[in-house]
Amino acid sequence: MTELSQIRNFSIVAHIDHGKSTLADRLIEACGALESREMTSQILDSMDIERERGITIKAQTVRLRYRAKDGKDYVFNLMDTPGHVDFAYEVSRCLAACEGSLLVVDASQGVEAQTLANVYQAIEANHEIVPVLNKIDLPAADPERVKAQIEEVIGLDASDAVEISAKTGLGIPDVLEALVTRLPPPKHGDRDAPLKALLIDSWYDAYLGVVVLFRIIDGVMKKGMKVRFMSNKSNYLVERVGVFNPKRTIVDELGPGEVGFLTAAIKQVADTNVGDTITDDRNPIAEPLPGFKPSVPVVFCGLFPVDAADFNVLRESLAKLRLNDASFHFETESSAALGFGFRCGFLGLLHLEIIQERLEREFNLDLITTAPSVVYKVYMTDGTMQELHNPADMPDVMKIDRIEEPWIKAQILVPDEHLGSILKLCEDRRGRQIELTYHGSRAMVTYRLPLNEVVFDFYDRLKSVSRGYASFDYQMDGHEIGDLVKMSIMVNAEPVDALAMIVHKSRAEMRGRQLCERLKELIPRQLFKIAIQAAIGARVIARETISAMRKDVLAKCYGGDISRKRKLLDKQKEGKKRMRNVGNVEIPQEAFIAALKMNDD
Amino acid sequence: MPSGNSSTAASADGGFGIYVHWPFCRSKCPYCDFNSHVRDAVDDDRFTRGLLAEIDHYAALTPGREVGSIFFGGGTPSLMPPVTAEAVIGRIARHWRLKPDVEITLEANPNSAEAERFAGFAAAGVNRISLGVQALNDRDLKFLGRRHSVAEALAAVELARRAVGRISFDLIYARPGQSEADWAAELDQAIGLAGEHLSLYTLTIEAGTPFAQAVRRGEFAPLDPDAAAALYELTQERTLAAGLEAYEISNHARPGAASRHNLVYWRYGDYVGIGAGAHGRLKDDQGVKRATRNWRKPESWLDRVEQAGHGVEETELVDRGGRVAEALIMGLRLAEGVDAARFRAETGSDLKDALDHQAVARLARAGLVVYDERGLTASAAGRLVLDGVLREIVAQD
């Protein structure tokens, strides 16, 4: 149990690559929490993908002891938050568990869009914020310019920014002192009041079962007590209470202001909800903490095994991933073109990519991913509303009154010279400009955009038209009526369900043409002429023809060649099994994969 | 079923022939992936004894068969001494009964040195010569790596005709950059020179050949398939008009003058493969086909023959599915198509059980195949895309 005044709970806000994890490592090291031989680089990011992509998916925490210049011992709880907009809600709960943030900005690169989105969240959480300029040792570092930028763009006083190099350790003692002197301790907290704790995150551990990370507001958490999760009214007997320092360490109890974990024979992560309030089952509080939201997927796609025989492996793999990530959803889906697979829902595009990558990497699966779709609200003429997240489920247009689509508010920071192409991209994608401001040689544009235009390769385009210099972040921003239609792709007059998509009418023709042209390149010529069409209802909006193959025969074939020829035929017939047959046309898997990628406009 | 212009009337089975491989060449042609080897010196006597020993071996396995054809292929069998041909033919005649009209073919290069020996081969019993002319202009002959000139080739054709009467020659077309006009003129000249038989192949870039490397390095690009198809169609029209209709995808003959030996392959008959790298197909009493494959390297083959009496490296039992596939792969190359009765005799299966009938119906509607109780035939258009047709119609096991 630690005095409130000697506790500092904080998180680190940064853009990818600006040095968040390195700084965290230095702080851990400086507080002597680990022997240097135990230091692996970036301790907090434990999963491969997290380490490789520099993205934290799960919130993590480290408890550190620090003897300050005032001679007192302090307890720091460093919260590492997920670093991406897809996990904005998870981030907000993490921030709610802290009183302050370190804002880390690369002293040469300056503020990026992601920095902005994250720092605004910290400001919203009423955090005290200490700006930290990292990589100050690099020749390109320009602390004065970046300080000015922080003040101008974020509106934060940066005159006292701590200048450091997380890499060399320069300035780390100043950061530690700033944590003590400039961040506030937890505001209140009554040890004798009934237990009130915030569920920050949870994950599955092979040995411990579900591990729940929490922050106590009031009361005490200890082994043997029965706790209640208020959102689903479930209750559990606490088996272990502990902290990460950063090794898992069991403690007797935790009190107000403290951050730690509990285990309690909870079977699956889905039984715990981020943002939930944990209380004493025998002596519960009346009102839960504000701000709880169940997680809702916003992007959907179909995942199909390339080899149909992998369906069950895919099912098991998805179930395993869901054990640890309750925010993604899946249900079986069957497609005439792609066979059996799953319709999956994600918090965002990055979340989708992460799951897809983990399936391919950790479970060794080859997957076909259909075009991502957003969730449309379809209002019917009979007054009912249904949520549509699979183009295949589009109701009869005669029965539809209107369709609403989700919009986002996007911040884009881009060097001046690329501003024009970024504006064009946003306009092309039906965007509406909200704001355009200049900060030195960079512009910050705020746009409202339909999410369905963003899930469709927007990020790739943004990077390519700005040569990688634009940074981008967004928040969900309500629904709006849109003139949306279902576009089907037909091969020899037979619709290919896996390629159907919901598009805005104004964009349908372009998309249809693009997809038909792409398919023409990807489908090999066959014995018959192949017609590829894009259509809205019965109206064809684009068409391509693949002419029949004229010559496909071995000129010379005598006695010796028969075995070779037979083996070749066997191989080709084996290859046919991996093709999808639509309208008597054999479409190679690669054609689906490539057509669904659509990386170039 | 359209009538083929083959020399033999449809018999109950595919016939029986003997293939003899002479694996040596003066130089390797850049398009060729046949089993050929260049050697400074060849011990003709030892190789001849090897061939004879292997003939003895196979004769014991195929008693009572009647030989319709003997074929000396290569390599370059015209490099073989005529006495070798004589010994081989003699040994075959000692073991098996030869049909009265037995066809004995020798492949030959049309250069003057080899042409001088045509009379010797004729005296040894060879009654048909097939010449690798390949092109009728010197520039393309050079591109194809041939060592003869057009003038030499024309002289050799004449000598062969005088020596054995029945001759054929090969041309390779759809060469890089070849226009329809160029090929039409060359083809007309070839038709004028031809006797009863012509083999006209579109150039195929075979894996592992110098041409494959050259294409990979970008030294030349093969003619695109559409242009090659146009040349193929032009070829069919002109040969048909000249009475040399295609009886197989690349082979043309006057009525009754088809290569009897190659018909054995295409009708999926039995054949013995003698010599280095030769293949054979022999069915046993149970109707099971055995595929034999000899050691490819001439010296390895010779060592084996001298030790074991045969140079077989591998014998494979061709299962039902394999026999069915092979009979279709070969038979549909012929204008006469696959005869249902002969198919039954050579594969032990009914043709109707071997086909994916949905695919057959689809292809028939598109005019690519004709199917009835007598058999299955690919149309001229169907033969041009035969590999695609086969992928569709051979039923999955």
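The shown structure was predicted, so the numbers you read here are calculated from the model rather than taken from an experiment.

About the criteria used
Residues numbered from 1 in each chain as written. Chains lettered and ligands numbered in written order. Predicted model: local features only at pLDDT ≥ 70, side-chain atom pairs only at ≥ 80, totals over all residues. Heavy atoms only, no water. Helix = DSSP H or I, 4+ residues; strand = E, 2+ residues; numbered from the N terminus. Buried < 20%, exposed > 50% of the residue type's maximum accessible area, 1.4 Å probe, protein only. Contact = heavy atoms within 4.5 Å. Areas by Shrake-Rupley, 256 points an atom, 1.4 Å probe, with all protein chains shown as cover. Pairing = 2+ DSSP bridges. Buried area = accessible area lost by both parts, 1.4 Å probe. Salt bridge = Lys/Arg side-chain N within 4 Å of Asp/Glu carboxyl O. Polar contact = N/O pair within 3.5 Å; in protein donor to acceptor, adjacent residues only side chain to side chain. Core = buried A, V, L, I, M, F, W, Y, C linked by side-chain atoms within 4.5 Å. Axes fitted to C-alpha atoms, helices over the stretch in contact; angles between N-to-C directions. Parallel < 35°, antiparallel > 145°, perpendicular 65-115°, else oblique. Left-handed = near helix turned anticlockwise from the far one by under 90°. Nonpolar A, V, L, I, M, F, W, Y, C, P; charged D, E, K, R; others polar. Phe/Tyr/Trp six-rings, centres within 6.5 Å; stacked < 30°, edge-to-face > 60°. pLDDT = per-residue confidence, 0-100. Expected span 1.5 Å × (residues − 1). Right-handed = clockwise from strand over helix to strand, strands pointing away.

## Here we look at the overall build of chain B
- If you tally the helices and strands in chain B, you get 17 helices and 15 strands.
- Taking all 397 residues of chain B together, 57% fall into the buried category.
- A fraction of 71% describes how many contacts in chain B between residues 6 or more apart in sequence connect residues 24 or more apart.
- Total accessible area on chain B stands at roughly 15,400 Å², and carbon and sulfur atoms take up 51% of it.

## Observations concerning the overall build of chain A
- Along chain A, the regular secondary structure elements total 14 helices and 34 strands.
- By the burial criterion, 59% of the 601 residues in chain A qualify as buried.
- Accessible surface, chain A as shown: approximately 25,000 Å² in total, 48% of it carbon and sulfur.

## A look at the pairing of strand β3 (residues 73-80) of chain A
All names here are of chain A.
- When you tally the buried positions in β3, you get 7 out of 8 residues, the bulk of the element.
- Relative to β3, strand β1 (residues 7-14) runs parallel, the two sharing 5 bridges. Its bridge partner lying in β3, F10 is registered against L78.
- Sheet topology places strand β2 (residues 60-67) next to β3; 8 bridges connect them, and they run antiparallel.

## Some thoughts on the interface of chain B and chain A
- Across the boundary between the two partners, chain B contributes 46 residues, which contact 28 residues of chain A.
- At the boundary of chain B with chain A, total buried surface from both sides reaches about 3,700 Å², with 55% on carbon and sulfur atoms.
- Where chain B touches chain A, the interface holds 8 salt bridges.
- Where A:D552 meets B:R391, a salt bridge forms, and the shortest distance between an N and an O atom there is 2.8 Å.
- Along the contact surface separating chain B from chain A lie 25 residue pairs in polar contact (both at pLDDT 80 or more).

## Regarding the nonpolar core
- By size, the foremost hydrophobic cluster in this structure holds 131 residues, and its most contacted members are B:F72, B:L131, B:L328 and B:I393.
- Setting aside its immediate chain neighbours within four residues, B:L328 contacts B:V338, B:F343, B:L351, B:A354, B:L355, B:L376, B:L390 and B:V394.
- Ranked by size, the runner-up nonpolar core spans 49 residues in total, among them A:L321, A:L367, A:I403 and A:L419.

## Some points on the environment of A:L425
All names here are of chain A.
- By secondary structure assignment, the location of L425 is in helix α9 (residues 416-428).
- The class for L425 is buried, based on a relative accessible area of 7%.
- Along the primary structure L425 and L462 are separated by 37 residues, whereas in three dimensions their C-alpha atoms are 7.5 Å apart.
- Other than its neighbours up to four places away in sequence, L425 contacts F458, R461, L462 and V465.

## A word on the packing of helix α12 (residues 320-331) of chain B against helix α13 (residues 340-347) of chain B
All names here are of chain B.
- Following both chains from N to C, one finds α12 and α13 inclined at 140°, their axes separated by 10 Å at the closest point. What the angle tells us is that α12 and α13 run oblique. The two elements α12 and α13 cross, and the hand of that crossing is right-handed. Contacts between α12 and α13 pair R323, V324, A327 and L328 from the former with F343, E346 and T347 from the latter.
- Among the residues making up the contact of α12 with α13, the classes are represented as 4 nonpolar, 1 polar and 2 charged.

## A few points about the packing of aromatic side chains
- By the definition in use, this model includes 28 aromatic pairs over all chains.
- A ring pair is formed by A:F229 and A:Y236, whose centres lie 5.5 Å apart and whose planes are at 45°; its orientation type is tilted. Assigned by exposure class, A:F229 and A:Y236 land together as buried.
- Between B:F47 and B:W301, the aromatic rings sit 6.0 Å apart at their centres with planes inclined by 15°, giving stacked as the arrangement. Of the two residues, B:F47 is situated in helix α1 (residues 44-61) and B:W301 in helix α11 (residues 298-308); the sequence distance between them amounts to 254 residues.
- A residue is classified by how much of its surface remains accessible, and B:F47, at 6% relative accessible area, is buried.
- Look at B:W301 and you get buried, because its relative accessible area is 1%.
- Ring-pair connections join several aromatic residues into one group, and the members of that group are A:F311, A:F328, A:F330, A:F340, A:F342 and A:F346.

## Some thoughts on the environment of A:L289
Residues and elements named next belong to chain A.
- Relative to the elements of secondary structure, L289 occurs in the loop between β16 (277-280) and β17 (299-305).
- The spatial distance from the C-alpha of L289 to the C-alpha of I278 is 9.2 Å, given a sequence separation of 11 residues.
- Those residues in contact with L289, other than ones at most four positions away along the chain, are K196, A197, L198, I217 and T277.

## Describing unusual backbone geometry
- Note the cis peptide between B:G74 and B:G75, where omega equals 25°.
- Its location among the elements puts B:G75 in the loop between β2 (66-74) and α2 (82-95).

## A few points about the confidence of the model for chain A
- Per-residue pLDDT for chain A averages 87, and the proportion of residues at 70 or more is 94%.
- This stretch, residues 40-55 of chain A, has a pLDDT under 50; its non-local contacts, to residues over four places away or in other chains, come to 44 contacts.

## Brief notes about the sheet that holds strand β15 (residues 259-263) of chain A
Residue and element names in this part refer to chain A.
- Sheet architecture is open: 8 strands sit in the order β11-β10-β16-β7-β8-β15-β12-β13, paired in antiparallel fashion. Of all the strands in the sheet, just β11 (234-237) and β13 (248-250) have a single pairing partner and so form its edges. For this sheet the average axis-to-axis angle between neighbouring strands, irrespective of direction, equals 40°.
- Two strands pair when backbone bridges link them, and strand β7 (residues 196-205) and β16 are joined in this way by 3 bridges, in the antiparallel orientation. Following the sheet pairing, K196 is matched in β16 by T279.

## Digging into the confidence of the model for chain B
Residue and element names in this part refer to chain B.
- Chain-level pLDDT for chain B is 93 on average; 97% of the residues reach the 70-or-more range.
- Below pLDDT 50 for its whole length, residues 1-10 participates in 31 contacts with residues either more than four positions away or in separate chains.
- Across the interface, the model reports ipTM at 0.89; the global pTM reads 0.68.

## Some remarks on the environment of A:T272
Residue and element names in this part refer to chain A.
- With respect to the helices, strands and loops of the structure, T272 is situated in the loop between β15 and β16.
- Among residues more than four places away in sequence, those in contact with T272 are L199, S202, V210, V212, F229 and I266.
- Here the side chain of T272 touches S202 through a polar contact of 2.6 Å, side chain to side chain.
- Of the polar contacts made by the side chain of T272, one reaches the backbone oxygen of V269; its length is 2.8 Å.

## Focus on helix α12 (residues 505-522) of chain A
- With 18 residues, α12(A) ought to run about 26 Å at 1.5 Å a step, and its terminal C-alpha atoms sit 26 Å apart, in line with that.
- A:R507, A:A508, A:R511, A:G512, A:Q514, A:L515, A:C516, A:R518 and A:L519 are the residues of α12(A) that are buried.

## A few points about the pattern of salt bridges
- Scanning the entire structure with this criterion turns up 67 salt bridges over all chains.
- Residues A:E453 and A:R511 are paired through a salt bridge, measuring 3.5 Å at the closest nitrogen-oxygen approach. Placement of the pair is A:E453 in helix α10 (residues 451-454) and A:R511 in helix α12, with a sequence separation of 58 residues.
- Look at A:E453 and you get buried, because its relative accessible area is 1%.
- Put simply, B:D140 and B:R175 hold a salt bridge, and the shortest N to O gap is 2.6 Å. Remark: B:R175 occurs in the loop between β5 (166-173) and α7 (180-193) and B:D140 occurs in helix α5 (residues 138-143); sequence separation between them is 35 residues. Take B:D140 and B:R175: they sit in the same class, and that class is buried.
- Several salt bridges converge on common partners, so that one network encompasses A:E405, A:R430, A:E453, A:R507 and A:R511.

## As for the packing of α7(B) against helix α9 (residues 225-241) of chain B
All names here are of chain B.
- Here α7 crosses α9 at 30°, and the two axes come no closer than 10 Å. Relative to α9, the element α7 lies roughly parallel. The hand of the α7/α9 crossing is right-handed. Between α7 and α9, the residues in contact are E180, W183, A184, L187, D188 and I191 and A230, L231, L234, T235, R238 and T239, respectively.
- For the contact of α7 with α9, the class distribution of residues is 7 nonpolar, 2 polar and 3 charged.

## Things to note about the sheet that holds strand β14 (residues 369-372) of chain B
Residues and elements named next belong to chain B.
- The sheet built from 3 strands is open, its strands ordered β13-β15-β14 with antiparallel pairing. Strands at the two margins of the open sheet, each flanked by one partner only, are β13 (338-339) and β14.
- Bridging between β14 and strand β15 (residues 375-378) involves 4 bridges; their strand directions are antiparallel. From the neighbouring strand, D372 faces β15, where its bridge partner is G375.

## Some points on the pairing of β2(B)
Residue and element names in this part refer to chain B.
- Burial analysis of β2 places 8 of its 9 residues in the buried class, the great majority of the element.
- Sheet topology note: the strand β1 (residues 16-22)/β2 ladder contains 6 bridges and is parallel. Bridge pairing in β2 links I18 to I70.
- Running through α1, the crossover from β1 to the neighbouring parallel element β2 is right-handed.
- Strand direction decides the pairing type here: β2 and strand β3 (residues 97-108), joined by 6 bridges, are parallel. Bridging from a neighbouring strand, S69 pairs with E103 of β3.

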